[in-house]
Amino acid sequence: MSDYDQDEQNWQQSMRDNADDDNADEKWTGSDGETEESLSNAMVPASEYLPERIYLLPIHNRPFFPAQVQPLVINRERWEDTMRRVGNTPHHTLGVAFVGDTGVDNLTHESFPEYGTAVKVHKLQGEDQQLQFIAQGLRRFHIQRWLSKKPPYLVEVSYPREPVDADEDETRAYAMAIINGIKELLPINPLYGEELKHYLNRFSPHEPGPLTDFAAAITSARGGELQKVLETLPVQARMEKVLPLLRKEIDVAQLQTEISEQVNAQMQERQREFFLREQLKVIQRELGISKDDRENDVDTFRDRLESLVVPPKVLTRIEEELDKLSVLETGSPEYGTTRNYLDWLTSMPWGVRSADQMDLAHARRILDRDHDGLNDVKERIVEFLAEGTFKGDVGGSILLLVGPPGVGKTSVGRSIAEALGRQFYRFSVGGMRDEAEIKGHRRTYIGAMPGKLVQALKEVEVENPVIMLDEIDKMGQSFQGDPASALLEVLDPEQNIDFLDHYLDVRLDLSKVLFVCTANTLDSIPGPLLDRMEQIRLSGYIAEEKVAIARNHLWPKLLERDRIPKKRINLTDAALKQVIEGYAREAGVRQLEKQLHSIVRKAAVKLLENDQQSVKVSVKNLEEFLGAPLFRQEQVLKGEGVVTGLAWTSMGGATLPIEAGKVHSLTRGFKLTGKLGEVMQESANIAYSYTLGHLAEYGADADFFDSAFVHLHVPEGATPKDGPSAGVTMTTALLSLALHLSIDRPLAMTGELTLTGQVLPVGGIREKIIAARRSKIFEVILPEANRRDYAELPDYLKEGVTVHFARRYQDVAKVAFG
């Protein structure tokens, strides 16, 4: 046993021996040893034996005063030992001291003030992790010496005298002011119950000390202010500090009462108004002067027209329908039909337009914020806005954004709307087979509704929104009509000034609307419809652009959506490039987003299961998240009769190796494989005929094909392939076979060939250059007629690429074979 424990035990034993009989007989039994009567005089400090050594308990909310009786709840685990030791003392006295906001973990003996209150502990009870007891305030104490500076805290204390000022009249006046203040506070604050009135009656102006402490205890002053009151020993000085606090409490209570009275008055006024209105309705109904639903509907429609600038012809139609509505019975079917028709007519934004924001710098900021890459597209949009600035309006123009899936066509349309400061509405026309979706149903049909364009105008509430028609290349046809033909009137600037919706049956001006259409290909769009639109091509992204898009947009969006802090998942740049090269080679970034999402999901599992602070995704462990790469580095095929071509598909550009081989010399023949379309088969036949007739010109054996059965194959035979751009490539493969020469360097080519050897232009130059760069091919042969298309490409695509332009096939052969 330590010296401290021995000293404490001896002290406790001596206290037990010297205690009064009443105290010695009192048992630490919780609720059995006390009654309500024993606590009824708790507000009057009892004459108790006050020990010189007491245990300390910190309190945080506010100081405890000698004139208080209050339940306290403390943490069982931390203070159970202290309360057990207090229970073993015969006096059951505990010291409580206010430590303010000091946390339990930071609590030291220096956190305790010098003054506190000695309290007697009653009815100690334990429940779960808490201890609860009733504390009866006894007297102030002053800490003289610390006996234990760690829990359980033990101190040696003194109980200072509380001198009363010699001027009894002034002290008595202060006491009367405090008593009157408490009495004034009681009726206006329901928090102070009737029992306080009984306690108050026990106080006397002749005992100002307990009275002052009681007044301080019932105020809601801050803990620091109350601690100063507790430390003030002279009674009159203490009363001078308490009286302002009590006065402030009265003012706050009066203000609260006034607010409550105002709220109650408003509620009563509203209830009164409600009852009066209900009575008025009953009186009007009895007298026959109240409005019915029909008149309310007419008034509603007329109120809508007040803020609109309705064309005269439309206004005449509305007035006719209103007159009809006013004579119809509300229960008739025609009433509902007419009411719905008027509802749509008066919901149109006649004459309501939003102001266009023709700030090119603002437009550039919006486009750069939302999109990385697409510099030529963004520049084209800025030119479009600049033209509208001089013209005064950008309405009446129809933009067509063409590109592979996932390159950002829809988001570009949304950015255009934001840059202009216009409302944006999007609907997809993909798979639409009914022209009524565009031009509406006639009102003779049950369930008739206006078309999508009228619905869009009603929702955006302006005449000049940006309306996006998504997937315009995927519209269908059926017995219900041809939606593409119905769009001709909508998208023709010369006709849509008087667009006629079958449901409304009045002319709408769509010339202020900016239409933005999207498509993957142009092949399925009817010529007359395509002729009405300005085309803006969005080609695929190269790897560098995808890295920027992933870093700036996709990755932050995924982390924010899953609410994962950025620092918890570290995706290295090398790993991101590997994701792009090995798992997401499509022209757009939709597949890239899916792969990144897969990384986030698997990383989240690791963070939770392994209790890790962060996860690092690098090239070394990338396969743990995504599995084996879907794509390997494309090997450029080499050898006799093997040539790499460039092709365009709806998914972007692609390299297209073509192989020509001699099967045998028994007979002459030519065979094609590779699931080639009709156009590509014609290109192969032209290439075979041209090569057969010009072998000697290129130094080959003129009789080579006379006894050779030649097989021309385009790999990936399960994939359909078609188009006119492979003629040059097929001819080069056949010539390589006849010359017994192979192209031993990375070289790709594209171009259409005629029987006379002319190299004709092809499309998709940008996509084909991107495909060549993706396959690490930096030498390309293009038709001379495509020189202009190549010159318009951005510099970062042309960097490091050597391009040969060919007018005739002789130019191609010279580059390929020297």
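Residues numbered from 1 in each chain as written. Predicted model: local features only at pLDDT ≥ 70, side-chain atom pairs only at ≥ 80, totals over all residues. Heavy atoms only, no water.

The tally for this structure, following the rule as stated, stands at 13 aromatic pairs. Here the aromatic residues W79, F112, W146 and Y153 are joined through ring pairs into a cluster of three or more. Its end group placed over the ring of Y341, R443 keeps NZ or CZ at 3.6 Å from the ring centre. The side chain of K606 reaches across the aromatic face of F625, ending 5.7 Å from its centre. (Phe/Tyr/Trp six-rings, centres within 6.5 Å; stacked < 30°, edge-to-face > 60°. Lys NZ or Arg CZ within 6 Å of the ring centre and 35° of its normal.)

This brings us to the nonpolar core. One finds L400, I472, L491, F515 and M533 to be the most contacted residues of the largest nonpolar core, which totals 56 residues. If sequence neighbours within four positions are ignored, L491 has contacts with I398, L469, I472, F515, C517, L529, R532 and M533. Core analysis: the second largest hydrophobic core is formed by 53 residues, L367, L514, L576 and L592 among them. (Core = buried A, V, L, I, M, F, W, Y, C linked by side-chain atoms within 4.5 Å. Buried < 20%, exposed > 50% of the residue type's maximum accessible area, 1.4 Å probe, protein only. Contact = heavy atoms within 4.5 Å.)

Here we take up the packing of helix α24 (residues 678-693) against helix α25 (residues 727-739). Look at α24 against α25: their axes get within 8 Å of each other, and the N-to-C directions meet at 40°. As judged from the angle between their axes, α24 and α25 are oblique. In the packing of α24 onto α25, the handedness of the crossing is right-handed. Two secondary-structure elements touch here, α24 through M680, S683, A684, A687, Y688, Y690 and T691 and α25 through G727, M730, T731, L734 and L735. Grouping the amino acids of the contact of α24 with α25 by side-chain chemistry returns eight nonpolar, four polar and no charged. (Axes fitted to C-alpha atoms, helices over the stretch in contact; angles between N-to-C directions. Helix = DSSP H or I, 4+ residues; strand = E, 2+ residues; numbered from the N terminus. Parallel < 35°, antiparallel > 145°, perpendicular 65-115°, else oblique. Left-handed = near helix turned anticlockwise from the far one by under 90°. Nonpolar A, V, L, I, M, F, W, Y, C, P; charged D, E, K, R; others polar.)

Before going further, it helps to examine the side chain of S683. Mapped onto the elements of the fold, S683 is located in helix α24. Residue class for S683 comes out buried when judged on its relative accessible area of 8%. Excluding anything up to four places from it in sequence, S683 contacts G723, P724, G727 and M730.

Let's shift gears to the pattern of salt bridges. Summed over all chains, the structure comprises 32 salt bridges. In this structure, the salt-bridge partner of R140 is D213, at a minimum N-O distance of 2.7 Å. Linking R140 in strand β5 (residues 130-148) with D213 in helix α7 (residues 208-217), this pair joins segments that are 73 residues apart in sequence. A relative accessible area of 2% places D213 in the buried class. Among the salt bridges present, the one from R317 reaches D505, with a minimum N-O distance of 3.8 Å. One end of the pair, R317, is in helix α11 (residues 312-327); the other, D505, is in the loop between β10 (499-500) and β11 (507-508), with 188 residues separating them in the sequence. Members of the salt-bridge network, linked through shared partners, are R140, E162, D213 and R238. (Salt bridge = Lys/Arg side-chain N within 4 Å of Asp/Glu carboxyl O.)

Let us now look at the environment of I182. By secondary structure assignment, the location of I182 is in helix α5 (residues 168-188). Given a relative accessible area of 1%, I182 falls into the buried group.

Turning our eyes to something else, we now look at unusual backbone geometry. In this structure, P152 follows P151 across a cis peptide bond, with omega equal to -5°. In this fold, P152 is placed in the loop between β5 and β6 (153-158). At E461, a residue that is not glycine, the phi angle is positive and equals roughly 65°. Within the secondary structure layout, E461 lies in the loop between α17 (452-460) and β9 (466-470). Judged by relative accessible area, E461 falls into the exposed class, the value being 54%. Positioned with a positive phi, E471 is a non-glycine residue whose angle comes to about 55°. When you line up the elements, E471 lands in the loop between β9 and α18 (483-490). Residue E471 is classed as partly exposed on the basis of its relative accessible area, which comes to 25%.

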